[in-house]
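The residues making up each chain are set out below.
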Amino acid sequence: MGYEKLIHEALTTPFEGWDFTMFRGRVTDDGTLPWDYEHLVRDRLPKTKALLDLGTGGGELLASLAPLPPRTTATESHPPNVPVARRRLEPLGVEVAESATALPDGSFDLVVSRHTAYDPREIRRLLAPGGTFVTQQVAGRDLEEINEALGGPPHEDRDWDLTAASAGLEVIWSQEASFTTTFHDIGALVLFLRVISWQVPDFDVDTYSSRLRALHADMERGRPLRATARRFALLAQ
């Protein structure tokens, strides 16, 4: 498929919630994480009476964990995802808020967050005494080779790492991992940057046209763009 057609498809393809199945085969990873975030959360649900899911996206993962605790709340700050999450989660009895700031202090015995950054002070505020925090995070230097290949600015939260995410928390377990993510066609890369708009903050196809065309030519010659995905996870009380 030619450059123009791939770019048009990337800019017009509908994207809803946080479902990345459309990237299957076009963006690939060379490994898996040494931990299972879903398993870490599921293990703690039976004893949980009040659960908070920070940054639920379209509610896809949270809904898959049903039956949920008697009181379950989710937050989602990305405006397009809020109605998607509410349609999926409210029938399950889940309250969906756009922010955690209005939620009462010490009201959740389990707070979880996958790929949504947070202020550790806010986690301490929200957790009930003896409560647990479970998170998997995308490090600030994630996929920085994309930024370099495009000649764009670095990620705004480049310093977000395990040390910053653990500040002030009583961490009982943590781990870091990385793997290679490969973008096989320019349309997949542009769609990814359209969805993950904070990766290259000033991205648009006109501004980066020359770099995109060069990358497209490389991909057509069998040289896809490879970047390092960086993740970390922790349990805290």
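Scope of this entry: the structure provided in the associated data block. Everything quoted here is computed from the prediction, not taken from an experiment.

## Here we look at unusual backbone geometry
What you tend to see is this: most non-glycine residues have negative phi, and most peptide bonds are trans.
Okay, step 1: The peptide bond linking A66 to P67 adopts the cis configuration, its omega dihedral lying at 5°.
Okay, step 2: Within the secondary structure, P67 is located in the loop between α3 (60-64) and β3 (71-75).
Okay, step 3: Positive phi is not limited to glycine here, since H115 has a value of about 70°.
Okay, step 4: Along the chain, the position of H115 falls in the loop between β5 (108-114) and α5 (120-126).
Okay, step 5: Relative accessible area serves as the criterion here: at 33%, H115 is assigned to the partly exposed category.
Okay, step 6: Phi is positive for L143, which is not a glycine, with a value near 55°.
Okay, step 7: Within the secondary structure layout, L143 lies in the loop between β6 (127-138) and α6 (144-150).

## As for the pattern of salt bridges
Okay, step 1: By the definition in use, this model includes 14 salt bridges.
Okay, step 2: Where R213 meets E4, a salt bridge forms, and the shortest distance between an N and an O atom there is 2.5 Å. Pair noted here: R213 is in helix α9 (residues 209-220) and E4 is in helix α1 (residues 3-12), with a separation of 209 residues, a long-range link.
Okay, step 3: Put simply, R230 and E144 hold a salt bridge, and the shortest N to O gap is 3.8 Å.

## Description of the packing of α1 against helix α8 (residues 186-195)
Okay, step 1: Packing of α1 against α8 leaves a shortest axis separation of 8 Å and a crossing angle of 25°. In terms of their interaxial angle, α1 and α8 are classed as roughly parallel. Considering the relative orientation of α1 and α8, their crossing is right-handed. Along the contact surface, α1 presents Y3, L6, I7, A10, L11 and T12, while α8 presents I186, G187, V190, L191 and R194.
Okay, step 2: Grouping the constituent residues of the contact of α1 with α8 by class yields 8 nonpolar, 2 polar and 1 charged.

## Here's the deal with α1
Okay, step 1: What α1 keeps buried is the set Y3, L6, I7 and A10. When α1 is viewed along its axis, its buried side chains cluster within an angular range of 95° and face the same direction. More than 90 degrees from the buried face of α1, the exposed residues found are E4, K5 and H8.

## As for the packing of aromatic side chains
Okay, step 1: What the rule picks out here adds up to 7 aromatic pairs.
Okay, step 2: Aromatic pair W160 and F232: ring centres 6.3 Å apart, planes at 50°, arrangement tilted. Residue W160 is found in the loop between α6 and α7 (162-166), and its partner F232 is found in strand β8 (residues 225-236); the two are separated by 72 residues along the sequence.
Okay, step 3: Under the relative-accessibility criterion, W160 is labelled buried at 15%.
Okay, step 4: Looking at F232, the relative accessible area reads 1%, which means it is buried.

The rules behind each value
Residues numbered from 1 in each chain as written. Predicted model: local features only at pLDDT ≥ 70, side-chain atom pairs only at ≥ 80, totals over all residues. Heavy atoms only, no water. Helix = DSSP H or I, 4+ residues; strand = E, 2+ residues; numbered from the N terminus. Buried < 20%, exposed > 50% of the residue type's maximum accessible area, 1.4 Å probe, protein only. Salt bridge = Lys/Arg side-chain N within 4 Å of Asp/Glu carboxyl O. Axes fitted to C-alpha atoms, helices over the stretch in contact; angles between N-to-C directions. Parallel < 35°, antiparallel > 145°, perpendicular 65-115°, else oblique. Left-handed = near helix turned anticlockwise from the far one by under 90°. Contact = heavy atoms within 4.5 Å. Nonpolar A, V, L, I, M, F, W, Y, C, P; charged D, E, K, R; others polar. Arc of directions from axis to C-beta. Phe/Tyr/Trp six-rings, centres within 6.5 Å; stacked < 30°, edge-to-face > 60°.

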